Amino acid sequence: MNQFEILRFALRGLLANKMRSALTTLGILIGVAAVILLVAVGEGSSRSIQQNIQRLGANTLTISPSFSGGGGGGFRVGGAGGGGNTGPRTQARQLTLADAKALTDRTLAPSVKSVSPVVNASSATAAYGPASHAISQFVGTYPSYFEAMNKPVAQGTYFFNDDVLAARKVVVLGRTVVEELFGTVDPIGKQVSVSGVPFTVVGVLKEAGSTGMQDADDIAIAPLPAVQQSLSGFGSLGQIVVQATGAGTTTTAQSEVTAILNQRHGITGNNPDYRILNQATLQETVSEATGTFTVLLGAVAAISLLVGGIGITNIMLVTVTERTREIGIRKAIGAPRGAILGQFLVEATLLSLVGGLSGVLVAFVGTRFSIAGIEPVLVPSSVALALGVSVGIGLFFGSYPANRAAKLRPIQALRHE
């Protein structure tokens with residue numbers, strides 16, 4: 001008996017019990033689709049988180065005070081680096097403009113590309129004509145902030161160092177603020193009143209989208225002195241944003257910044273009064289965590305493949321029992337053991353293959369839709385792995401029923417009722 005005849009007998013056996021074959025295929029389909037979809041959701045979640053981190057700026061260090069209090073509308077950002085928070089503090093100091101200027105020393109900090117002091121004006125309400133909007137973030141800073149925090153301008157321009165020196169009341173708005181105040185009107189050159197203080201719109205930021213619960217486009221950025229004079233007062237800084245010279249120098253820049261601030265703040269132990277958030281380190285940590293999460297999702301979904309394999313074993317055992325007399329007749333007229341073994345293995349493998357291919361198709365369609373607010377990202381390796389495992393399951397779980405059928409003696413098989 002050649003391979004073609006073995007395949008023909010296997011197909012005839014499967015088609016003889018269409019409903020049973022379909023139900024067995026369905027089990028594999030669900031398993032394969034679940035593995036591919038869950039891995040796609042995990043990958044989509046990972047990329048979404050990484051994109052949100054990248055929106056905060058590449059190669060940046062965000063320095064913020066690690067103790068409560070502080071003027072100037074400063075806001076805190078937790079992060080890694082800068083030591084812990086245990087033990088007494090003897091000379092806790094706020095972040096100042098002098099601290100920011102010290103970090104620009106190319107001799108002490110050669111790995112630092114730019115330094116942007118930041119204040120945040122709380123309760124800033126902007127108005128244009130009859131429209132008004134409470135801006136989530138009204139930031140006072142330097143022009144270098146736009147590059148450091150990855151905030152390109154889509155319309156108009158950002159402000160320049162001359163605007164900072166002259167304390168000009170100009171502002172760059174986020175897309176949400178523009179839509180709330182101007183609608184479809186071109187905002188460039190228009191004046192908005194921010195808590196009663198007029199600011200001229202010079203640019204509109206490129207749309208960034210939301211980052212978790214916060215709308216990243218609900219922001220306005222103006223020169224630091226203008227915000228301090230009009231809104232926040234000349235208190236401490238809320239943050240200092242430092243951009244490293246390159247991706248490979250971020251950690252070095254953090255060490256240089258730490259040394260300068262420790263010297264200025266009189267920090268002698270492992271107990272600083274500031275925190276440093278390293279975006280590169282954060283992204284690596286998140287990537288590792290989401291990678292583990294994706295593997296876990298795939299492992300959980302793989303259990304359904306195992307269940308499908310057990311289903312194949314049960315179905316094939318029933319099939320062998322029902323076709324015992326047929327097996328006996330075939331062996332009595334000279335069918336070798338290998339032909340019987342091959343037929344049932346082919347049947348089990350075909351069930352797994354059809355179920356696997358159907359599962360891939362279902363998963364591909366499923367990744368076209370958003371799942372729990374996440375855009376799934378199809379991972380080719382997961383498709384190949386799931387399909388390969390499904391075929392392997394057919395061979396593995398079909399081998400026992402196939403061996404059992406091949407070992408039947410013709411006389412015993414023919415006597416079977």
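Conventions adopted
- Residues numbered from 1 in each chain as written.
- Predicted model: local features only at pLDDT ≥ 70, side-chain atom pairs only at ≥ 80, totals over all residues.
- Heavy atoms only, no water.
- Helix = DSSP H or I, 4+ residues; strand = E, 2+ residues; numbered from the N terminus.
- Buried < 20%, exposed > 50% of the residue type's maximum accessible area, 1.4 Å probe, protein only.
- Contact = heavy atoms within 4.5 Å.
- Areas by Shrake-Rupley, 256 points an atom, 1.4 Å probe, with all protein chains shown as cover.
- Expected span 1.5 Å × (residues − 1).
- Phe/Tyr/Trp six-rings, centres within 6.5 Å; stacked < 30°, edge-to-face > 60°.
- Lys NZ or Arg CZ within 6 Å of the ring centre and 35° of its normal.
- Core = buried A, V, L, I, M, F, W, Y, C linked by side-chain atoms within 4.5 Å.
- pLDDT = per-residue confidence, 0-100.
- Axes fitted to C-alpha atoms, helices over the stretch in contact; angles between N-to-C directions.
- Parallel < 35°, antiparallel > 145°, perpendicular 65-115°, else oblique.
- Left-handed = near helix turned anticlockwise from the far one by under 90°.
- Nonpolar A, V, L, I, M, F, W, Y, C, P; charged D, E, K, R; others polar.
- Salt bridge = Lys/Arg side-chain N within 4 Å of Asp/Glu carboxyl O.

Side note on the overall build of the protein chain
Reasoning step 1: Check the secondary structure of the protein chain and you find 13 helices and 14 strands.
Reasoning step 2: Within the span of the protein chain, comprising 417 residues, buried residues form 46% of the whole.
Reasoning step 3: Here the contacts in the protein chain between residues at least 6 apart in sequence split such that 82% fall between residues at least 24 apart.
Reasoning step 4: Looking at the protein chain as shown, the accessible area adds up to about 19800 Å², and 60% of this sits on carbon and sulfur atoms.

A short note on unusual backbone geometry
Most peptide bonds take the trans form, and the phi angle of most residues other than glycine is negative.
Reasoning step 1: Despite not being glycine, alanine 167 shows a phi value in the positive range, around 55°.
Reasoning step 2: By relative accessible area, alanine 167 is classed as buried at 12%.
Reasoning step 3: The phi torsion at serine 195 lies on the positive side, around 50°, for a residue other than glycine.
Reasoning step 4: By secondary structure assignment, the location of serine 195 is in the loop between strand S8 (191-194) and strand S9 (197-205).
Reasoning step 5: The exposure class of serine 195 is partly exposed, given its relative accessible area of 42%.

Some thoughts on helix H12 (residues 380-406)
Reasoning step 1: Taking 1.5 Å per residue as the helical rise, H12 with its 27 residues ought to reach 39 Å, and the 38 Å between its terminal C-alpha atoms agrees with that figure.
Reasoning step 2: Taken together, the buried positions of H12 are Ser382, Val383, Ala386, Ser390, Ile393, Gly394, Phe397, Gly398, Pro401, Ala402, Ala405 and Ala406.

Structural notes on helix H8 (residues 250-265)
Reasoning step 1: Between its first and last C-alpha atoms H8 spans 22 Å; for 16 residues at 1.5 Å apiece the expected length is 22 Å, and the two agree.
Reasoning step 2: Where H8 is concerned, the buried positions are Thr250, Ala253, Gln254, Glu256, Val257, Thr258, Ile260, Leu261, Asn262 and His265.
Reasoning step 3: Glycine 266 lies just past H8 and shows a positive phi near 70°.

Observations concerning the packing of aromatic side chains
Reasoning step 1: Scanning the model with the defined rule gives five aromatic pairs in all.
Reasoning step 2: Here the aromatic rings of phenylalanine 138 and phenylalanine 199 are separated by 5.6 Å at their centres, their planes lie at 70°, and the arrangement is edge-to-face. Remark: phenylalanine 199 occurs in strand S9 and phenylalanine 138 occurs in strand S5 (residues 137-141); sequence separation between them is 61 residues.
Reasoning step 3: In this structure phenylalanine 138 comes out as buried when scored by relative accessible area, which is 0%.
Reasoning step 4: Three or more aromatic residues joined by ring pairs form one cluster here, namely Phe146, Tyr158, Phe159 and Phe160.
Reasoning step 5: Sitting over the face of the ring of phenylalanine 364, arginine 368 holds its NZ or CZ atom 4.7 Å from the ring centroid.

Considerations on the nonpolar core
Reasoning step 1: With 43 residues, the main nonpolar core has Ile63 and Phe138 as its most contacted residues.
Reasoning step 2: Setting aside anything within four residues of it in sequence, one finds isoleucine 63 in contact with Leu95, Leu103, Gly238, Gln239, Ile240, Val242, Val257, Leu261, Tyr274, Arg275 and Ile276.

Examining the confidence of the model for the protein chain
Reasoning step 1: With 79% of its residues at a pLDDT of 70 or more, the protein chain shows a mean pLDDT of 78.
Reasoning step 2: Put simply, strand S10 (residues 210-211) is where the protein chain has its lowest mean pLDDT, 58, and strand S7 (residues 170-173) is where it has its highest, 95.

A closer look at the packing of helix H11 (residues 337-366) against H12
Reasoning step 1: At their nearest, the axes of H11 and H12 sit 7 Å apart, and the two run at 150° to each other. Overall, the two elements H11 and H12 adopt an arrangement that is roughly antiparallel. Crossing of H11 against H12: the hand is right-handed.
Reasoning step 2: In terms of residue class, the contact of H11 with H12 is made up of 16 nonpolar, eight polar and one charged.

Remarks on the pattern of salt bridges
Reasoning step 1: Considering all chains together, one arrives at three salt bridges under this definition.
Reasoning step 2: One salt bridge in this structure joins arginine 264 and aspartate 99, with 2.6 Å as the shortest N-O distance. With arginine 264 in helix H8 and aspartate 99 in helix H3 (residues 97-102), this pair connects stretches of sequence that are 165 residues apart.
Reasoning step 3: We classify arginine 264 as partly exposed; its relative accessible area is 27%.

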